[in-house]
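Chain by chain, the residues run as shown.
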Amino acid sequence: MNLITSLGLAVSALLRNRMRSLLTTLGVVIGVAAVIVMQAMGAGTTELVTAEISSFGSNMLVVVPGGDGGMFGGSLLSAPLFSDADLEAITRECDAVRYVSASGTRSVRVVKGEKSHSTTLSGVSPAYFAIREWSTDAGRALNEDDERQAAKRCVIGHTVATELFGGQDPLDQEFRLHDFTCTVVGVAEAKGTSAFGMDQDDLVFLPHSTFNRRILGDTKIGSIIISTVSAERTDEAIQQLQSLMRQRRRIRPGDEDDFRVRDMREVQEMLGNVTGVLTTLLAGVAAISLIVGGIGIMNIMLVSVTERTREIGVRMAVGARSRDILQQFLIEAMVLSSLGGLLGVLIGTGLSVVVSRALELPLMLPFKAMLIAFAFSLLVGVIFGVFPARKAARLRPIEALRYE
Amino acid sequence: MRSRSDAAAELDAIEERAIEERAIEERAPPLLSLRGVTKVYGQGDAAVHALRGVDIEIEAGEFVSIQGTSGSGKSTMMNIIGCLDAATAGEYRMEGELVSELPPDVLAALRNSRIGFIFQGFNLLRRTSSAANVELPLIYAGVPRIERTRKAYAALAAVGLAGRERATSSELSGGQQQRVAIARALVNDPELILADEPTGNLDSRTSAEIMDILTALNRERGITIVMVTHDQEIADYADRHVFFHDGQIRSDTRDRDRVGVERRAPEERRA
Ligand SMILES: Nc1ncnc2c1ncn2[C@@H]1O[C@H](COP(=O)(O)OP(=O)(O)OP(=O)(O)O)[C@@H](O)[C@H]1O
Ligand SMILES: [Mg+2]
């Protein structure tokens, strides 16, 4: 019996039990659709994060204290912070660097009359806004005067503006921050919610000098943010920073750095890894549901073999060999599972479109995952079809015919 | 010590056997030949001796009826002849070839090309058109689709079902269903049709129609028919009548007017 004939037989057998065939494939449909939606969401998120990171400016670098353990490394605590002299040295020595800004962050409570709001406070140099390519929607950014005078002036995000001043114009208004009163000179350009669900407009910027004097009570700098002259010179800038900082921090040749120059590409990679791991985990869950779907198919195929024992007997009586019977049931299982795979791809694609629109993610259809999921569903059909098909093929003709 | 006459008798016997064997070689072997065939179902105390040594030869072109009490082993023998089941002991030959030694796939091919089955319960595939049912043996014979359809339509026409090719079993009467089954049995040009109570589920008028078709297949196409029945009127369509009792053949007679020779039943021969 040739393959096309078998395929025709399988399809007509499945059509005879339309509803059941459809329900049987459901497990595989859900599995495949889940794989595709997960992959699409993962790819969409990665795409979004990548876009967001490149919006930081791809030529932005961050210098943080601490060794190779990274931001969370063990040597962070013991490694010395930076100073204003470091900032000046970088500006002076590193010609691949364009702007330099100190950066420190704390959580604070801000109060205006009855209203109070908890937010993130950043102490930054005036160059910060140029580095982040961040402008203001109202008023002005912090400037050199603010920095030099350690002025009690600030730029606030839209969320803070709404929380404290409601619909009123916040410019030149005052509010209490920590233990002093502060004047609003600008409202930062709205950025919306980040890929990780953070409200990027919920913040207050103070001049770094004010931040140090009034909040930290110290002159140290937690991290230095830098933009390079051009994206092409990023590696050069990293090198210059490294050798300068090693020299300034008196690290002997051969000893490890007690600081680290972070590059946005690196952050991007790290985030990529995180979303990659998540995607893999979710895909694993989806794969398990595919296997469960396969077991569903096996179950129904076993029922079908039992129900159709007499049919098998008749087929054997008129000349079917056991391999013909095996082929018939195996192909039926494969048609079922690949039908499920196909429906799953269609539904998964549809769902991906809907979900990515709802979550405002870029639509990234995972064509490779579609192919793999479909191939996997076929494989599931073979694996879980073999057992019922062998059961059918091993029947002895007379016993099958006599089966009640 | 052996006497001279013993030795002479032995020589005679050898010679006789040689002559017999030569005679057998010259004669074409019968289509079917069963020698000492037994069938035991189950084991030990639960064992059922369905066949207790059946000897029978059936020549090509015969129309044989098998009768006997319920449980006497008729269906059991039919299943063995049809290569659906194997004998416990004894020899079953088809055209001289020992069937019991053939592998399952060869038996399947044998059923496909040389034997057609007709069952009491029709055994058609449910929710399947009559044409598709009739095509079944051709599928396993590897006949191409167009040829299959042509042959199936021809076979259905031969049993008077032209025009009902697309009807499924639930849309056909019992008699029509049995005709579909006959069409399926003859579509691949078998030499032998095995019918186990083909009219068992049908009224007498429909039975007569079915028997007319079977008789025509035997007379006009020379297909050998072996048919089990409980009905003497149905058995009368056959030319040779075998009676079973308790797993053995009790009598085996041929209608004189058709074949012209009356054979003695095995018991009489042995006596
Ligand atoms: N699969 C089986 N397992 C055990 N015993 C069986 C089996 N098939 C038949 N038998 C027994 O073998 C004996 C012969 O059965 P068989 O079906 O050949 O009878 P039959 O002559 O066809 O009877 P009927 O006229 O009722 O169809 C019976 O005693 C029956 O119970
Ligand atoms: Mg019977």
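Please read these numbers as outputs of a predicted model, since none were measured by experiment.

Novice: Go over the sheet that holds strand 10 (residues 248-254) of chain B, please, and point to the residues and values.
Specialist: All names here are of chain B. What the six strands build is an open sheet, ordered 6-7-8-3-9-10; its pairing is mixed. Looking along the sheet, the strands with just one partner apiece sit at the ends: strand 6 (115-118) and strand 10. Within the sheet, the average angular offset between the axes of one strand and its neighbour, ignoring direction, is 15 degrees. Sheet topology note: the strand 3 (residues 63-68)/strand 9 (residues 240-245) ladder contains five bridges and is parallel. Residue pairing in the sheet places G68 in a bridge with F244 of strand 9.

Novice: Tell me about the confidence of the model for chain B, residues and numbers included.
Specialist: Detailed reading of the predicted coordinates is not advisable wherever pLDDT falls low. Residue and element names in this part refer to chain B. Mean pLDDT over chain B stands at 89; residues scoring 70 or higher make up 90%. A low-confidence stretch, residues 259-271 (pLDDT under 50), is modelled with 19 contacts involving residues beyond four sequence positions or located in other chains. Note on the complex model: pTM 0.71, ipTM 0.85.

Novice: How would you explain the pattern of salt bridges if you had to name every residue and give the values?
Specialist: Applying the stated criterion to the full structure yields 32 salt bridges over all chains. Between E311 of chain A and R308 of chain A there is a salt bridge, with its nearest N and O atoms 3.0 Å apart. The same class applies to E311 of chain A and to R308 of chain A, which are both buried. Here R148 of chain B ties to E135 of chain B by a salt bridge, and the two come within 3.0 Å at their closest N and O atoms. Of this pair, R148 of chain B sits in helix 5 (residues 145-158) while E135 of chain B sits in helix 4 (residues 130-141), and the two are 13 residues apart along the sequence. Comparing R148 of chain B with E135 of chain B, the two get one shared label, buried. Taken together, the salt bridges that share partners define one network made up of R308, E311, R315 and E332 of chain A.

Novice: Please provide a residue-by-residue account of the site of ligand 1, values included.
Specialist: With respect to spatial proximity, 14 residues lie near ligand 1, and among them S70, G71, K74, S75 and T76 of chain B are the closest. Site remark: ligand 1 is flanked by residues from chains A and B. With respect to ligand 1, the side chain of S70 of chain B contributes an N or O atom lying 2.5 Å from an oxygen atom. Here an oxygen atom of ligand 1 and a backbone polar atom of S72 of chain B are 3.2 Å apart. Coverage of ligand 1 by the protein chains reaches 65% of its 630 Å² of free accessible surface. The set of elements that each furnish at least two residues to the shell around ligand 1 consists of strand 2 (48-58) and helix 2 (74-81) of chain B. The greatest single-element share of the shell around ligand 1, amounting to three residues, is contributed by helix 2 of chain B. Residues that form the shell around ligand 1 fall into these classes: three nonpolar, eight polar and three charged.

Novice: Residues and numbers for the pairing of strand 6 (residues 174-177) of chain A, please.
Specialist: All names here are of chain A. Burial along strand 6 is one-sided: F175 and L177 are buried, while E174 and R176, pointing the other way, are not. In this sheet, strand 6 lies alongside strand 2 (residues 97-112) in antiparallel orientation, the contact comprising two bridges. Across the sheet, residue V111 finds its bridge partner in strand 6, namely R176. Count of turn residues in the strand 6/strand 7 (residues 180-188) antiparallel hairpin: two residues, of which H178 carries a positive phi of about 55 degrees.

Analysis parameters
Residues numbered from 1 in each chain as written. Chains lettered and ligands numbered in written order. Predicted model: local features only at pLDDT ≥ 70, side-chain atom pairs only at ≥ 80, totals over all residues. Heavy atoms only, no water. Pairing = 2+ DSSP bridges. Helix = DSSP H or I, 4+ residues; strand = E, 2+ residues; numbered from the N terminus. Axes fitted to C-alpha atoms, helices over the stretch in contact; angles between N-to-C directions. pLDDT = per-residue confidence, 0-100. Contact = heavy atoms within 4.5 Å. Salt bridge = Lys/Arg side-chain N within 4 Å of Asp/Glu carboxyl O. Buried < 20%, exposed > 50% of the residue type's maximum accessible area, 1.4 Å probe, protein only. Near = heavy atom within 4 Å. Polar contact = N/O pair within 3.5 Å; in protein donor to acceptor, adjacent residues only side chain to side chain. Areas by Shrake-Rupley, 256 points an atom, 1.4 Å probe, with all protein chains shown as cover. Nonpolar A, V, L, I, M, F, W, Y, C, P; charged D, E, K, R; others polar.

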